[in-house]
Structure formats: structure tokens, C-alpha cells
Amino acid sequence: MSKKRFTIAPDLASGLRNTIQSASTNQGQLHYDMMSIDAIEPDPENPRKLSIHRNEMLNGLNTSDPNYQTKQADLEALNDLAESIKRVGVRNAIEVYKEGQKYRIISGERRYLASILLGQKSIPARINPKPDEFNLRYMQWVENINRQDLSLREKYINLMAMAEAYQKTHNAEINEKMLQDLIGISSSHAYRYYCLLRADKRIIDLVRAGKLNNLKIVQELVSMKDKGAREQIISWISSSKGEVTSLENYKTVAGKKAMVSKAISLGKVNNSNIAKYLMDIVLSDARFNKHQHKFNNIDWSSAKSISKAFQALFKTMETELSSEEA
Amino acid sequence: MSIIAVVNNKGGVGKTTTSRILAEYYSIVKNERVLALDMDPQANFSNRYLKMEIDPYQQEGRIPPLHSTYDPNSPEDRDWDGRSSIAGIFFGEMVFPYTTYIDTLEIAPSHSSKLLLAEAVIREEVVQKVYDQLSKFLTLDDVKNSYDKIIIDTPPSKGPVTISVVRAATDLLIPSIMEPQPIEGIYGMIHLWKSETLRRPENRPLNLLGVLPNSYDRRGIIHKDHYDSLKNEMPDYVLESKIGRRLIYAEADADGAAPPSIFMYPEKNVARQEVIYACQEIDERMNANV
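Residues numbered from 1 in each chain as written. Chains lettered and ligands numbered in written order. Predicted model: local features only at pLDDT ≥ 70, side-chain atom pairs only at ≥ 80, totals over all residues. Heavy atoms only, no water.

### Considerations on the nonpolar core
Within the largest apolar cluster, 53 residues are counted, with the highest numbers of intra-cluster contacts made by Leu 134, Leu 138, Leu 230 and Met 234 of chain B. No other element matches the six residues that helix α8 (residues 180–199) of chain B contributes to this core. Not counting the four nearest positions on each side in its chain, Leu 230 of chain B is found in contact with Ile 8 and Leu 16 of chain A together with Met 178, Ile 183, Ile 186, Val 211 and Val 238 of chain B. (Core = buried A, V, L, I, M, F, W, Y, C linked by side-chain atoms within 4.5 Å. Buried < 20%, exposed > 50% of the residue type's maximum accessible area, 1.4 Å probe, protein only. Helix = DSSP H or I, 4+ residues; strand = E, 2+ residues; numbered from the N terminus. Contact = heavy atoms within 4.5 Å.)

### Some remarks on helix α9 (residues 201–208) of chain A
All names here are of chain A. Residues Ile 203, Ile 204, Leu 206 and Val 207 constitute the buried set of α9. Here the buried residues of α9 occupy an arc of 155° about the axis, which is enough to place them on one side. Downstream of α9 by one or two residues, Gly 210 has phi in the positive range, about 85°. (Arc of directions from axis to C-beta.)

### Notes on the pairing of strand β8 (residues 171–176) of chain B
All names here are of chain B. Burial runs high along β8: six of the six residues are buried. Residue alternation in β8 divides its side chains into two sets, Asp 171, Leu 173 and Pro 175 and Leu 172, Ile 174 and Ser 176, and both sets are buried. Direction of pairing for strand β1 (residues 2–6) relative to β8: parallel, over a ladder of three bridges. Looking at β8, one finds that Val 6 is bridged to Leu 173. In the sheet, β8 pairs with strand β9 (residues 207–213) via six bridges, with the strands oriented parallel. (Pairing = 2+ DSSP bridges.)

### Re helix α14 (residues 272–284) of chain A
Along an α-helix, residues three or four positions apart point the same way, because every turn accommodates 3.6 residues. All names here are of chain A. Taking 1.5 Å per residue, 13 residues should reach 18 Å; α14 reaches 18 Å between its end C-alpha atoms and fits that length. Along α14, the residues classified as buried are Ala 275, Met 279, Val 282 and Leu 283. Within α14, the buried residues cover an arc of 90° as seen down the axis, which keeps them to one side. Turned more than 90 degrees away from the buried face of α14, the exposed residues are Asn 273, Tyr 277 and Ser 284. The backbone nitrogen of Asn 273 lies 2.8 Å from a side-chain oxygen of the residue at the head of α14, namely Asn 271. (Expected span 1.5 Å × (residues − 1). Polar contact = N/O pair within 3.5 Å; in protein donor to acceptor, adjacent residues only side chain to side chain.)

### Quick notes on the sheet that holds strand β1 (residues 32–36) of chain A
On the basis of which strands lie adjacent, the open sheet formed by five strands has the order β1-β5-β3-β4-β2 (chain A) and mixed pairing. Each edge of the open sheet is held by one strand with a lone partner, namely β1 and β2 (40–41) of chain A.

### Quick look at the environment of Lys 231 of chain B
Residue and element names in this part refer to chain B. Relative to the assigned elements, Lys 231 resides in helix α9 (residues 222–233). Linking Lys 231 and Glu 179, residues 52 residues apart in sequence, is a C-alpha distance of 13 Å. Not counting chain neighbours up to four residues away, the residues in contact with Lys 231 comprise Val 238 and Glu 240. Engagement of the side chain of Lys 231 in a polar contact is seen with the side chain of Glu 240, the distance being 2.8 Å.

### A word on the interface of chain B and chain A
The interface is formed by 25 residues belonging to chain B together with 23 residues belonging to chain A. When chain B packs against chain A, close to 2,400 Å² is buried across both sides, 67% of that on carbon and sulfur atoms. Scanning the region where chain B abuts chain A turns up two salt bridges. Between Arg 17 of chain A and Glu 233 of chain B there is a salt bridge, and its shortest N-O distance comes to 2.3 Å. For the pair chain B and chain A, the interface holds four residue pairs in polar contact (both at pLDDT 80 or more). Of all the secondary-structure elements, those providing two or more residues to the side of chain B that touches chain A are α8 and α9 of chain B. Here the side of chain B that touches chain A takes eleven residues from α8 of chain B, the largest share from any one element. When its residues are assigned to classes, the side of chain B that touches chain A shows 14 nonpolar, four polar and seven charged. (Buried area = accessible area lost by both parts, 1.4 Å probe. Salt bridge = Lys/Arg side-chain N within 4 Å of Asp/Glu carboxyl O. Nonpolar A, V, L, I, M, F, W, Y, C, P; charged D, E, K, R; others polar.)

### Notes on the side chain of Ser 107 of chain A
Residue and element names in this part refer to chain A. Within the secondary structure, Ser 107 sits in strand β4 (residues 102–107). Assessed through its relative accessible area of 8%, Ser 107 is described here as buried. In contact with Ser 107, not counting residues within four places along its chain, are Ile 94, Glu 95 and Glu 143.

### With respect to the packing of aromatic side chains
Within this structure, the stated rule accounts for eleven aromatic pairs over all chains. The interplanar angle of 50° and the centroid separation of 4.8 Å between the aromatic rings of Trp 80 of chain B and Phe 96 of chain B together place this pair among those described as tilted. A residue pair is termed long-range when its members are at least 10 positions apart, and Trp 80 of chain B in the loop between β4 (58–63) and β5 (98–99) and Phe 96 of chain B in the loop between β4 and β5 qualify at 16 residues. For Trp 80 of chain B, a relative accessible area of 16% translates into the label buried. Ring centres of Tyr 216 of chain B and Tyr 227 of chain B lie 6.2 Å apart, and the angle between their planes is 80°; this geometry places the pair in the edge-to-face category. Placement of Tyr 216 of chain B in the loop between β9 and α9 and of Tyr 227 of chain B in helix α9 is noted, with a sequence separation of eleven residues between them. A single burial state applies to Tyr 216 of chain B and to Tyr 227 of chain B, both of which are buried. Put simply, the rings of Phe 134, Tyr 138 and Tyr 166 of chain A pair up and form one aromatic cluster. Between Lys 149 of chain B and the ring centre of Tyr 26 of chain B, over which it is positioned, the NZ or CZ distance is 4.6 Å. When the ring centre of Tyr 216 of chain B is taken as reference, the NZ or CZ atom of Lys 242 of chain B above it lies at 5.4 Å. (Phe/Tyr/Trp six-rings, centres within 6.5 Å; stacked < 30°, edge-to-face > 60°. Lys NZ or Arg CZ within 6 Å of the ring centre and 35° of its normal.)

### Some points on the domain arrangement of chain A
Residues and elements named next belong to chain A. Per the domain assignment, the segments of chain A are domain 1 (32–130), domain 2 (135–260) and domain 3 (269–306). With centres defined by C-alpha atoms, the gap from domain 1 to domain 2 works out at 29 Å. Between domain 1 and domain 2, the contact holds twelve residues from the first and twelve residues from the second. Taken together, both faces of the contact between domain 1 and domain 2 bury some 990 Å²; the carbon and sulfur share is 49%. On inspection of domain 1 and its partner domain 2, the count reaches one salt bridge. Between Arg 137 and Asp 43 there is a salt bridge, with the nearest N and O atoms lying 3.1 Å from each other. Where domain 1 touches domain 2, the interface holds three residue pairs in polar contact (both at pLDDT 80 or more). For the side of domain 1 that touches domain 2, the secondary-structure elements that each account for two or more residues are β3 (94–99), β4 and α4 (109–118). Looking at the side of domain 1 that touches domain 2, the element that brings in the most residues is β4, giving three residues. Taken together, the residues of the side of domain 1 that touches domain 2 sort by class into four nonpolar, two polar and six charged. (Domains from an automatic or database assignment.)

In C-alpha cells:
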């Protein structure tokens, strides 16, 4: 019989190994601290910019302010957040990085403001190494993108900031594939964001005004082939009062389908003689009689043959008349 | 200034013995200015250097003796009861270290009931009241300029007091017996080291000195087998040197032991030699990561 040997239990052994491995590869990755509110400042270019300023938040709003309603809504949202912070504290640390003497917020401006509203002296913060411009915008994008309440306008501002930063740091235009890789979304979704990125100014103005808040509609507009119909729809949307949630109604009256609806039906007759009479009158006209030879083989006893002949006649007349107009 | 924390959440694995050895090595052998901190409510570390007294309000607890500089008649000391412990940092009190029989060794002793109280604060208060208090104390200019080494003995737990020690430390040493249960304790400490490592900024890492095998018995195979398999799992973090199972360590712990420190034994003494070897290895590991 062999001598009894001792060893560490396998799960404990792998636990030790994995823990050491994780510690040595992730050093400093979770640098959290309770940080004084005074040491923190918001990002002046935060894509989720609030309408109210810090002093308005603390001293109350002016009812004669033209943006009173938006500000009031922002303030209420902050108060709700403050109420929840009061109950359970700030559950998720805000993200900051060192900028000069202060720590600047990457994400968590609302938690920060709500904490000020509550009179808190400190807030949990995760301290990051200073990101480059592109990574900063990218981190804000990641933080924001899955929010339900983020408007397309805010997404656009973030996306543009990210694209500009990408251009600056990588010296290259951001493209659809990069968007897909960066944001980790499906190619069709990435295509929509890409459309937003290269949309012309008139469409962006609609996004900024809050009249377009749906990425799919932006994509439809940007990729519309019929430029005339597109221009028409854009001006319709800009004259609409609120947000436009679907293009269906516009599409049926603009562009291709609009042309079809201009067609005039000439009705039906049961007596083939009326048809023959009309045909003779038209073909006797000086402008059309040179086409007479095309209509020699009509079977006047067949409704189908007559209808076909009239289709051909109308086509000929349209061609003839439009060339005359031109 | 290096801050060495001696940790293991299993009791009886040699935390206090190791703390003593390090405190005495740096003060007696290296002649450095050492401050010993006893964060364990059991106060064994303190008792080696001070005559700890029974807490009149809690018979099983210990409180520090009256401080040598305390003068009840002096107006300066009017608001002070004459006793000072490291537990004071959790209660906004001043800490006055005590001198010991070793010239360059001072100690801020334990205070059982206060340390137990700090350990028991409710979750919401922990961060402000406990976690950061020790690092705040140890970064005071007065402390930084007065000592070369801080040696901290800790309670056998993973509670708030131990966490405050880990947050303040520059170096972590885990003494352990090479047996299944103490090795589980190593796992707990490695976890603590990991979360602290992830939490800290990169320019202030927490150096894991490693596991120091203690009470090591060369006669059987159980200690050797566990040592080998531990070394296999974490090769960089198990020390080569071992503190053997010897009566001399218990004797040096007894009241009135003569000589009072292992470093005062004759140079040929085997125990003294193995302890010096261990301390040298620890010292090298500290400097390797500076």
C-alpha cells in the first residue's frame, strides 16, 4: 500500500490560482473612493446636458423663463433621483477622471446634481485614468446608449462628439463597420446610426428640434431615392407641431405613389361603337393621324382588344402631347 | 515608511508570533524606528511589551496601562484618562504610542471593547467610521516622520478592522500553518488582497509578500505536502523560509522570559537562525517591489 499523501482540495487550489491571476491582471481597475462633492466638476460637454444650471437648481426656477417647462421637468426628475438617493444612497458609483485640480465627471452628472440637491458632502466615485478625447466620448456613449429616456437628439450629440474625437485621434473617418465594432450592435442598427451621422443639415435640424426622435425614420429619410419626395417630406415634418413617429402617411402622398394618384380614369363603356367613334375622332386629329397605322388591326368585337388599343392610344397621345409641351 | 500587515482570518496560525518577530527584527537587528500596532481585541501582541490591564467593565477584555507621560494633575491631561490605544482612531481620540524595553520600538496597544465596537458598526457607517481611519492616521506627517516600519497585528476575521488595516498597508504577509483549515484562511486573505488591489490606484499597489509557513513540522508529511501543493498553485507567493514548530517560541512568549526576544539568543541558536532567514527573505521581497 502506498503512503498517504496530502494535497489542497481542487476547488480551493483553483480558487487561489484564479484569484491571484485576476489580481495581477486587473490592478487598479476598480479604484473606488468616497469623494468630496467639492472635488468634482461636471463635463462641460456632456451629451446629456440638463436645461437647468446649478444655481437655478438650488434657488428655484423663474416662471417667466421661456424654457420654464423643460427646466421644471428636469428639476422634477432630479428631485425624484434625490428622493431615491435619500432612501438607499448612490448605488452606482459615478465615473470620474483627474482634470487639473478637480475630478471631472465621465458619467453620473445627474447623480452628482441630485446629491448636491440633497446636501450630501460626498459621493462614491470610480476613479479612471484620464481617457483620451475619443475614449471619453466612447465611455459616455456606452453609458448612455441603453437608456430608455435618452432622446435621439442627445444620442446625436454624443455620436457626433465621438465621431469628431475619432477623427482627431485616429485621423480617419468613422465608418459603419467601426460603429458596429465599437458599439457592439447589429449591422442593421449600425447602419441606422451611420445614416444619422451623415444626414444632411435639414434632417439634423429636425432631430435637434425633437421632431424626429426615431432612428428608423432618419434612416428612411437619408436613404430615400426620390430626392423630390424626400425634400417634400422634410418640409412637411418641419412644419408639423410635434414629433413625427411614422412616415407612412407622408409617403403615400409624396414621391412615387403621388405620381400614380395623379392618373385619371376615363371610365368604361359597354357599346363598342362609342369606342370606335372616339378612336376615329382622335386619329383624325392632325397631331395623331400619323399614328393611324398602329390601330388598323383592332378586333372591334373583342372588348379585350379594344381596351388594349385604347391603352396604346393614350400612351401615344401622352408622348405626343408631352413632347409638344416641351 | 513601510506598513506591514500580518493577516489571516483563521486564529492560532501565528499572526502574533510573526508580528513580534518582525517588530523585533526591524528594531533590534536593523535598528530601524518601529511602531507596532495591535488591532486584535485579544491584545496578545500588546501584552508582550506592556502590562495590559483587565477592563473593569468587561472582565475578559484588556485595556492599556496608564501612559508614562500621563499626569492627572496637569491641566493638559484634564480631558484624558491616561490610556491610549490604536482603537482610538475609530473614535476620534489621539493616539500616544508607548515606549518598550527596546529603544527603537514603540507600540500603540489594543483596547478590547473599543476594537470590538469598531468591528460591529453597522454597514452604512463602515466606510466613514472604520475603513479609512487607519490610513488617515498613518499618513499623518507626525507618524510618517517618526517611524521607518509599521507592523500591524490583526484580529482573526475579515471584518471592518481587518479591512481598515489592508487599506492602510503597503505590504501584506500571511502566516499560516500548512494544514487544510488555515490554508482556507489564506484563500480569504488572497481575496481581500485582490479586491484591495483592484480598488487602489496603480501607483500605490498593495504588495503581497506571500505566505509564511508557521509552526512547520518536518517530521510528518502533511506540512510538506500542503506546502508543495500551495507552492504549486501560487509559486510567487509562498516563502522559501519556514518558522518551525518549536517550544522556544512559546517560551519567548511567557512572562518574564529571558532573554525577552528571540534576537537576543546566541547567534548559533537554530530558532534564531531560521527567524533571521525568514525576516531577510521578507525584507528582500519588500524591497524587490519598491
